[in-house]
Amino acid sequence: MRITIHGATGRMGQSVARLASAEGARIVGAVASPSSKALGRDVGELAGAGTAGVEITADTASALLGADVVIDFATASALPRLVTLAARAKVAVVSGTTRLDEAGERALTEASKVVPVLWAPNTSVGVQVLAELVTLAAKKLGLGFDVEIVEAHHRAKIDAPSGTAERLRRAVDEARQDLRPVYGREGNVGPRKPEEIAVLALRGGDVIGDHTVHFLGAGERLELTHRATSRDLFARGALAAARFIRGRAPGRYTMVDVLGG
Ligand SMILES: NC(=O)c1ccc[n+]([C@@H]2O[C@H](COP(=O)([O-])OP(=O)(O)OC[C@H]3O[C@@H](n4cnc5c(N)ncnc54)[C@H](OP(=O)(O)O)[C@@H]3O)[C@@H](O)[C@H]2O)c1
């Protein structure tokens, strides 16, 4: 499988570059932003994985040449252009970039008419299972339990709340359509309203990603938690997703498809 990494100089991009060959992938292209300090450097050397023979470039179209799949962990604003070029070059897309706006969503759907497209705000198996448990708990515990979501990430993360926290909120929503999100509380907010579901973000240190969904009832509470201890977990999931969608029919796919759920 030949891959291009979009966001190749970032934390996730480098993790994908380090794991690629062990996961049966050959890197044929590597993209960073036009202002990247790493343009012209070898993507494998930058990641500490030995020479890959592929220079990091800001020229996305040429980096896609010869690729089966592009794996994207970059920034939401760069996504529409990437997927438009990928569709034109008939390259499948796996994107783990979070906090997509409407333009990003639209671009993914447009591209999926031409190539297979998988977008996942969290590419770990554990989070997928957590999401299923959260829906089950929300359904079984019902209206008597208040639901709140807390996530923690490293100090360099630029968006909040995390894409995974939003994914978990949607998992609650599958069983509880009565809830409305609240993204923080301050001042005289009054007693908690039954229809609230707070999604709260902690930032600091080198936390890779922790998520807890709290179900708070009268006399008891249930907490469902996932903790990521290595970024490689997400990179492995993205490479598994790339193997899964390579050669498939055009359309939208999710991690549920990859995991056979
Ligand atoms: N789905 C998951 O499981 C998962 C897991 C972890 C993170 N994420 C998400 O993945 C994304 C990246 O996270 P990260 O921690 O790796 O971020 P990061 O370390 O800041 O890396 C961002 C990468 O994007 C590149 N980039 C920025 N603007 C670009 C542009 N216009 N065109 C092409 N490349 C561009 C950067 O290149 P230069 O700075 O060198 O120019 C860098 O390589 C975030 O949205 C994050 O939330 C998802």
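Sequence order as written defines the numbering, with residues in each chain counted from 1. Residues qualify for local features only when their pLDDT is at least 70, as the model is predicted, and side-chain atom pairs are given and counted only at 80 or more; totals for whole chains, interfaces and linings, by contrast, use all residues. Side-chain figures throughout are based on the complete set of non-hydrogen atoms in the structure, without hydrogens or water.

### With respect to the overall build of the protein chain
Think of it this way: any DSSP run of H or I at least four residues long counts as a helix, any run of E at least two long counts as a strand, and we number them from the N terminus. Each helix and strand counted, the protein chain has nine helices and 12 strands in total. Put simply, the radius of gyration uses C-alpha atoms, and a globule should come to 2.2 Å times the residue count raised to 0.38. Relative to the compact-globule value of 18 Å for 261 residues, the protein chain shows a C-alpha radius of gyration of 19 Å, a close match. Dimensions of the protein chain along its principal axes, counting C-alpha atoms only, are 60 × 40 × 30 Å. Classification of the 261 residues of the protein chain by burial places 51% in the buried group. Pairs of residues are marked as contacts when any of their non-hydrogen atoms sit within 4.5 Å. A separation threshold of at least 6 residues defines the contact pool for the protein chain, and within that pool the share at least 24 residues apart is 69%. Using a 1.4 Å probe on the protein chains alone, a residue whose accessible area is under 20% of its type maximum counts as buried, one over 50% counts as exposed, and one in between counts as partly exposed.

### Considering the environment of G50
Mapped onto the secondary structure, G50 falls in the loop between α2 (43–46) and β3 (56–57). Taking relative accessible area as the criterion, G50 reaches 37% and is therefore assigned partly exposed. For the pair formed by G50 and G217, sequence separation is 167 residues and the distance between their alpha carbons is 53 Å. Setting aside residues up to four positions removed in sequence, G50 forms contacts with D42, G44 and E45.

### Some details on a nonpolar patch on the surface
For patches, a residue must show more than 30% relative accessible area and have no salt bridge; joins then use 9 Å for like charges and 5 Å for nonpolar side chains, namely Val, Leu, Ile, Met, Phe, Trp and Tyr. Surface accessibility follows the Shrake-Rupley procedure with a 1.4 Å probe radius. Residue values consider only the protein chains on display as shielding. Salt bridges are counted wherever a side-chain nitrogen of Lys or Arg sits within 4 Å of a carboxyl oxygen of Asp or Glu. A cluster of nonpolar side chains, contributed by V125, V129, L133, L136 and L259, occupies part of the molecular surface with about 410 Å² of accessible area. With respect to the secondary-structure elements, L136 resides in helix α6 (residues 125–141).

### Side note on the layout of surface pockets
A pocket here means an open set of points on a 1 Å grid, computed over the protein atoms alone, that has protein on both sides within 12 Å along at least five of seven lines. A cavity is instead a set of points where a 1.4 Å probe fits but cannot get out; residues with an atom within 4 Å of a point line either one. Grid points are joined across faces, edges and corners, and a volume is the space filled by probe spheres set on the points. As a volume, the largest pocket reaches approximately 1100 Å³. The wall of the largest pocket is formed by 46 residues, among which F73, A74, T75, T97 and T98 lie closest to the centre. Of all the secondary-structure elements, those providing two or more residues to the lining of the largest pocket are α1 (11–19), α4 (79–88), α7 (163–173), β10 (209–216) and β11 (221–228). Of the residues forming the lining of the largest pocket, the biggest block, three residues, is contributed by α1. Residue type decides the class: Asp, Glu, Lys and Arg count as charged, Ala, Val, Leu, Ile, Met, Phe, Trp, Tyr, Cys and Pro as nonpolar, and the leftover types, Gly among them, as polar. The class makeup of the residues in the lining of the largest pocket is 17 nonpolar, 23 polar and six charged. The calculated volume of the second largest pocket comes to roughly 210 Å³. As for the second largest pocket, its lining consists of 14 residues, and the residues nearest its centre are W119, A120, P121, R167 and T254. If you list the elements that add at least two residues to the lining of the second largest pocket, you get α6, α7, β12 (251–253) and α9 (255–258). Sorting elements by how many residues they give to the lining of the second largest pocket places α6 first, with three residues.

### Focus on the site of the ligand
Residues are counted as near a molecule or strand when any one of their heavy atoms sits within 4 Å of it. Contacts to the ligand come from 23 residues, most closely from T9, M12, S33, S36 and T98. S33 places a polar side-chain atom, nitrogen or oxygen, 2.4 Å from an oxygen atom of the ligand. In the model, an oxygen atom of the ligand is placed 2.7 Å from a nitrogen or oxygen of the S36 side chain. Coverage of the ligand by the protein amounts to 77% of the 940 Å² it exposes when considered alone. To be counted as sitting in a cavity or pocket, a molecule needs more than half of its atoms within 2 Å of that site's grid points. Of all the cavities here, the one that holds the ligand is the largest pocket. Split into classes, the residues belonging to the shell around the ligand amount to nine nonpolar, 12 polar and two charged. Polar contacts, as used here, are pairs of N or O atoms within 3.5 Å; protein pairs need one atom able to donate a hydrogen and one able to accept it. Residues neighboring in sequence count only if both atoms are side-chain atoms.

Functional significance is not addressed by these values, which are geometric in nature.
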